[in-house]
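# Observations on chain architecture
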Amino acid sequence: MNFLTHLECGLCGKILEADKIWNLCPECGKPLLARYDLEAAKKVFKRKLLSTRAPDMWRYRELLPVRDPAYILTLGEGFTPLHHAQRLGKELHFEHLFIKDEGLNPTGSFKARGLSVAVSRAFELGITSVSIPSAGNAAGAMSAYAALAGIEAAVFMPADVPKPFISECKGLGAKVTLINGLITDCGKAAAEELKKFGRFDMSTLKEPYRIEGKKTMGYELAEQMNWQLPDVIIYPTGGGTGLIGMWKAFDEMEQLGWIGVKRPRMVTVQSDGCAPMVKAFHDRKEFAETWQNARTIADGLRVPAAVGDFLILRVLRESNGTAVAISDEIIMEATNHIGRSQGIFACPEGGATLAAFSYLRKEGWIKDNETVVLFNTGSAHKYSHLWE
Ligand SMILES: *Cc1c(COP(=O)(O)O)cnc(C)c1O
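Residues numbered from 1 in each chain as written. Predicted model: local features only at pLDDT ≥ 70, side-chain atom pairs only at ≥ 80, totals over all residues. Heavy atoms only, no water.

To be explicit about the condition: UniProt positions are given in the numbering used here, feature names are shortened, and annotations may be inferred rather than shown by experiment.
The protein has the name Threonine synthase in an unreviewed UniProt entry, where Candidatus Fischerbacteria bacterium RBG_13_37_8 is given as its organism. In its Pathway (unreviewed entry) section, the UniProt record describing the protein reads: "Amino-acid biosynthesis; L-threonine biosynthesis; L-threonine from L-aspartate: step 5/5."

See the structure below:
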């Protein structure tokens, strides 16, 4: 069914067998990326085949890692709407502004894409128990797909995460552990229990397949824009899986002959209360330093250290992109602006992309005739405390 051939380390290039269970690269401890036989895929997997397929992310299954369709765990993730934000655009005097609304995914965020693929693949490889440290949305998504597979889910979240994130995991049957600390502390607590309970680690980029689910945002965007990518993509970056994933998707699509060489300039936006990628980008570093005292209302962006930091920074540089830090106050204003102008109840991470847009336009970095896509990565329904 698919063209998966092997895994390759994103840093040292080590090649590993795809049908064995791996977390990080056994040589250098960095993320592994899935590779496909794109030459062979090009001959049979044509763009026009897509019109015969269901409107969900599994329409790109030839370039997803699950080999046997019997293991696909799906709740209808992907193929979310790409809105031409005309009212908002008019207010801002900007014509080609688009919002990809990932809030419509199962469990209310784009985390569903990554975890649908990762849990399906884990299920196919015989894994019976999965574990995740999460700021909230990833935990809910993993709980949902683990439930669907009938495998055990253990989630570790900061104790100050909003209540709906905790309720969701409990309602979906996961074992919930709350930690006094940040996501990095949750990661440590989760790691301590892995061996003891025989759990598989589903942390962002610490296994090769979540990014494969998230890359489908890149495939979809190209398909929805009639195979013409936009000039700029603005992405709220935590662990960076979506950003790295989309960039990977663009390369794969070019090799499939689906798109040309044109690439969008990729923009990372973070909160100024936790901006390790923005700092590393402007300091021209290859790796980012851990951010101290990380604080932001945008829970998905409260990631003080990311294992894929060098991959994020590589994408920003290769694409001639940039990185912007925004205060929580301005993030909140922008979130409300999306709501009252476009009818989208956006999460603050999504609001941050509009704030970054306004900033970059004022700086002249975005030109009036360009096409810009903002990613609203989740719905605000689990963040209602922000309006209380
Ligand atoms: C996890 C999350 C992010 C960050 O996504 P990455 O791909 O890990 O950078 C952004 N927004 C929301 C709503 C999230 O849940």
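Still more ground to cover, so stick around.
## Notes on the environment of Lys 43
Cut-off, in case you're wondering: Labels follow the DSSP assignment, with helices taken as runs of H or I lasting at least four residues and strands as runs of E lasting at least two, numbered in each case from the N terminus. For every residue, the accessible area obtained with a 1.4 Å probe (protein chains only) is divided by the maximum for its type, and the residue is called buried under 20%, exposed over 50%, and partly exposed between those limits.
Along the chain, the position of Lys 43 falls in helix α1 (residues 38-44). With a relative accessible area of 62%, Lys 43 lands in the exposed category. It is 8.4 Å that separates the C-alpha atoms of Lys 43 and Leu 256, two residues lying 213 residues apart in sequence.

## Description of the pairing of strand β11 (residues 265-271)
Our working rule: For two strands to count as paired, DSSP must find a minimum of two bridges between them. We call a crossover right-handed when, viewed with both strands directed away from the observer, the connection leading from the first strand over the helix to the second proceeds clockwise.
A large share of β11 lies buried, amounting to seven of its seven residues. Residues Arg 265, Val 267, Val 269 and Ser 271 point to one face of β11 and Met 266, Thr 268 and Gln 270 to the other, with burial holding for every one of them. Inspection of the sheet shows strand β10 (residues 232-236) paired to β11 by five bridges, in the parallel sense. Opposite Ile 234, over in β11, you have Val 267 as the bridge partner. Remark: the β10/helix α8 (residues 241-256)/β11 crossover connection has right-handed handedness. Relative to strand β12 (residues 322-326), β11 runs parallel, the two sharing five bridges. In the strand pairing of β12, Gln 270 is matched with Ala 325.

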